[in-house]
Amino acid sequence: MGHALIVEDDEDSGRMLATLVKREGHSVATAMTLGAARRYLAMQQPDLLLLDLHLPDGNGLDLFEDRGLLSDTEVVLMTGQASLETSIRALRLGAADYLVKPVNPQHLKGLLSRLIRPSKLRAELAEVTEHWRETGRFGPLIGASAAMQSIYRQIARVAETAVSVFIHGESGTGKELVAKAVHDLSRRREQPFLAVNCGAISPHLIESEIFGHERGSFTGAERQHQGFFERAHGGTLFLDEVTEMPLNLQVKLLRVLENGTFMRVGSTQLQQTDVRIIAATNRDAADAVMRGALREDLLYRLNVFPISLPPLRERDGDVPLLARSFLDDLQRQEQSTKRFTPEAMERLKAYPWPGNVRELRNAVQRAWVMATGPEIDDEWLPKPAGAGAPTPARRPGAEPQLSEAPVGGHRELSIRVGTPLAEVERQIILATFEFCGQHKERTAALLGISMKTLYNRLKEYRL
């Protein structure tokens with residue numbers, strides 16, 4: 001139970017809002033001008049301030065000029081149109097959220113359910129920061145480099161707001177982990193966090209997956225299906241590789257961002273949703289706009305708070321920290337202890353890691369599997385470019401033999417020249433899967449691919 005102050009010059013609107021707030025178990029007071037609001041704030045600091053932008057004696061944002069008045073109050077702006085400029089200015093001034101007038105009762109109810117004083121958020125952030133200094137972990141993220149410290153500061157700043165976040169970074173840099181860290185530090189932390197890879201879903205199914213569908217809306221739709229927006233209501237929806245989303249779907253996403261409404265496939269009824277959007281891409285968003293792959297107006301909506309993740313090669317000193325963390329995870333899973341030799345650690349630090357953190361994790365898993373004793377040497381770790389003896393050229397017409405020699409035996413797989421690459425990949429994956437006794441983690445480690453890729457391939461092969 002908290003206390004709210006409503007600053008609204010329309011008496012009927014103020015009364016309606018007060019009724020809604022009281023219905024949720026909170027006490028409430030109202031003011032119709034900036035002057036009245038200042039006098040009230042000087043006497044009592046509320047937990048929540050619902051602030052109209054346009055008032056008889058000035059702009060509601062003028063209250064932010066006196067930082068002491070709002071030092072421990074969650075401020076939510078009320079505006080007739082949620083423009084991009086309003087969002088950016090509200091973020092800079094310290095507003096936590098904004099409501100579009102006329103205020104939707106469900107949105108207000110959700111906001112009240114997430115009511116947390118800024119002082120509590122600051123205390124939790126201080127605890128996370130202290131944990132990072134001791135362990136090198138900031139929530140799900142790992143790293144102590146200057147580049148990552150900058151990322152942590154950005155996450156801490158944007159997490160307590162409700163604005164859209166757009167994460168840019170190469171594949172494997174941890175964009176989903178950044179999105180999860182923002183969610184975990186936000187007021188929505190108790191609500192769902194759902195992630196969807198827009199490039200991994202068939203263009204024919206992605207609209208149904210994101211917005212849901214009605215029974216009978218298309219062949220095979222035997223029941224009503226709730227999409228990601230409905231399942232993530234009140235929480236955060238992470239849209240990875242958003243530049244891969246079909247253009248017709250981008251229009252519908254833009255509508256959700258503007259007014260919080262959408263329709264299921266096969267329905268004419270508007271659905272309301274209260275979801276924070278965090279998007280990500282491993283491509284140049286401006287180039288995607290130039291190529292016509294991303295709508296320019298959608299980019300402006302998503303890119304309110306951009307975060308650019310550095311590649312692993314630019315994170316000086318983070319490779320050993322990450323490698324040891326992945327090793328610790330394996331030791332807990334396998335109930336066995338292994339350690340890197342000095343030569344192995346030097347090899348890890350020397351490699352450029354074009355696949356970033358994901359490639360490093362896969363390399364550590366593979367080296368773990370291949371190590372026969374308590375020490376992990378550099379034999380099975382990737383070599384920097386130019387290292388080692390050159391591979392002799394094959395004679396024209398020769399059939400290559402692909403072989404692996406894991407612990408406990410040797411197996412060869414012959415591939416006929418001219419075999420389609422997809423079939424080569426299928427044979428290698430299935431043969432390795434059987435050789436590892438259908439142990440998925442060992443299979444992924446030996447092949448140097450992620451668990452997600454292995455699952456997708458086995459599903460494709462109907463295993």
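See the structure shown above.
The structure displayed is predicted, hence computed values, not measured ones. Every chain is numbered independently, its residues counted from 1 as its sequence is written. The model is predicted, so local features are restricted to residues of pLDDT at least 70 and side-chain atom pairs to those at 80 or more, both for listing and for counting; the totals for chains, interfaces and linings are taken over all residues. Excluding hydrogens and water, the side-chain values take into account all heavy atoms of the structure.

Enquirer: Go over the nonpolar core with me, naming the residues and quoting the values.
Expert: In plain words, nonpolar cores are sets of buried Ala, Val, Leu, Ile, Met, Phe, Trp, Tyr and Cys residues tied together by side-chain atoms within 4.5 Å. In this scheme, a residue with accessible area under 20% of its type's maximum is buried, one over 50% is exposed, and one in between is partly exposed, where area comes from a 1.4 Å probe on protein chains only. Phe229, Leu237 and Leu239 are the most contacted members of the largest nonpolar core, which has 29 residues in total. Going along the chain from the N terminus, every DSSP run of H or I of four or more residues is numbered as a helix, and every run of E of two or more is numbered as a strand. Put simply, the parts of the chain that give this core at least two residues each are helix H8 (206-211), helix H9 (228-231), strand E12 (236-240), helix H10 (247-259), strand E15 (276-281), helix H11 (285-291) and helix H12 (296-302). Here the element with the most residues in this core is H10; it accounts for five residues. By definition, residues are in contact when any of their heavy atoms lie within 4.5 Å. When neighbours within four sequence positions are excluded, Leu237 is seen to be in contact with Leu194, Val196, Phe228, Phe229, Ala232, Val275, Arg276, Ile277 and Ile278.

Enquirer: Outline the packing of aromatic side chains, listing residues and values.
Expert: Pairs were defined over the aromatic rings of Phe, Tyr and Trp, the Trp ring being its six-membered one, requiring ring centres within 6.5 Å. Orientation was assigned from the angle between planes: stacked under 30 degrees, edge-to-face over 60, tilted for the rest. Counted by the stated rule, this structure contains seven aromatic pairs. Relative to Phe229, the ring of Phe211 has its centre 5.5 Å away and its plane inclined at 10°; by these criteria the two rings are stacked. Here Phe211 is found in helix H8, whereas its partner Phe229 is found in helix H9, with 18 residues between them in sequence. Among the residues examined, Phe211 registers a relative accessible area of 2% and is labelled buried. What makes Phe229 buried here is its relative accessible area of 1%. A ring pair is formed by Phe211 and Phe262, whose centres lie 5.8 Å apart and whose planes are at 35°; its orientation type is tilted. Of this pair, Phe211 sits in helix H8 while Phe262 sits in strand E13 (residues 261-262), placing them 51 residues apart in sequence. Among the residues examined, Phe262 registers a relative accessible area of 3% and is labelled buried. Grouped by ring-pair contacts, the aromatic residues Trp132, Phe138 and Tyr152 constitute a single cluster. A ring has a charge above it when a Lys NZ or an Arg CZ is no more than 6 Å from the ring centre and no more than 35 degrees off the ring normal. The cationic tip of Arg231 hangs over the ring face of Phe228; the distance from NZ or CZ to the ring centre is 4.5 Å. Above the ring of Trp368, the side-chain terminus of Lys338 is found at 4.6 Å from the ring centroid.

Enquirer: Would you mind going over the layout of surface pockets in detail, with residue names and values included?
Expert: Unfilled space is identified by rolling a water-sized probe across the atoms. Detection works on a 1 Å grid of protein atoms alone, calling trapped sets that fit a 1.4 Å probe cavities and calling open sets with protein on both sides within 12 Å along at least five of seven lines pockets, with lining residues defined by an atom within 4 Å of a point. Grid points are joined across faces, edges and corners, and a volume is the space filled by probe spheres set on the points. One number sums up the size of the largest pocket: a volume of about 1100 Å³. Lining the largest pocket are 41 residues, and of these Gly172, Gly174, Glu176, Arg358 and Arg361 lie nearest its centre. Among the elements of the structure, strand E9 (141-142), helix H7 (175-184), strand E11 (193-197), E12, helix H13 (318-334), helix H15 (356-370) and helix H18 (451-460) are those that each provide at least two residues to the lining of the largest pocket. Put simply, Ala, Val, Leu, Ile, Met, Phe, Trp, Tyr, Cys and Pro go in the nonpolar bin, Asp, Glu, Lys and Arg in the charged bin, and everything else, Gly too, in the polar bin. When grouped by side-chain class, the residues that make up the lining of the largest pocket number 13 nonpolar, 13 polar and 15 charged. Reported here for the second largest pocket is a volume of approximately 660 Å³. Lining the second largest pocket are 30 residues; nearest its centre among them are Tyr98, His107, Val256, Leu257 and Gly260. Elements with a contribution of two residues or more to the lining of the second largest pocket: strand E7 (97-100), helix H4 (105-113), H10 and E15. For the lining of the second largest pocket, the class distribution of residues is 13 nonpolar, nine polar and eight charged.

In short, geometric facts, not functional conclusions.
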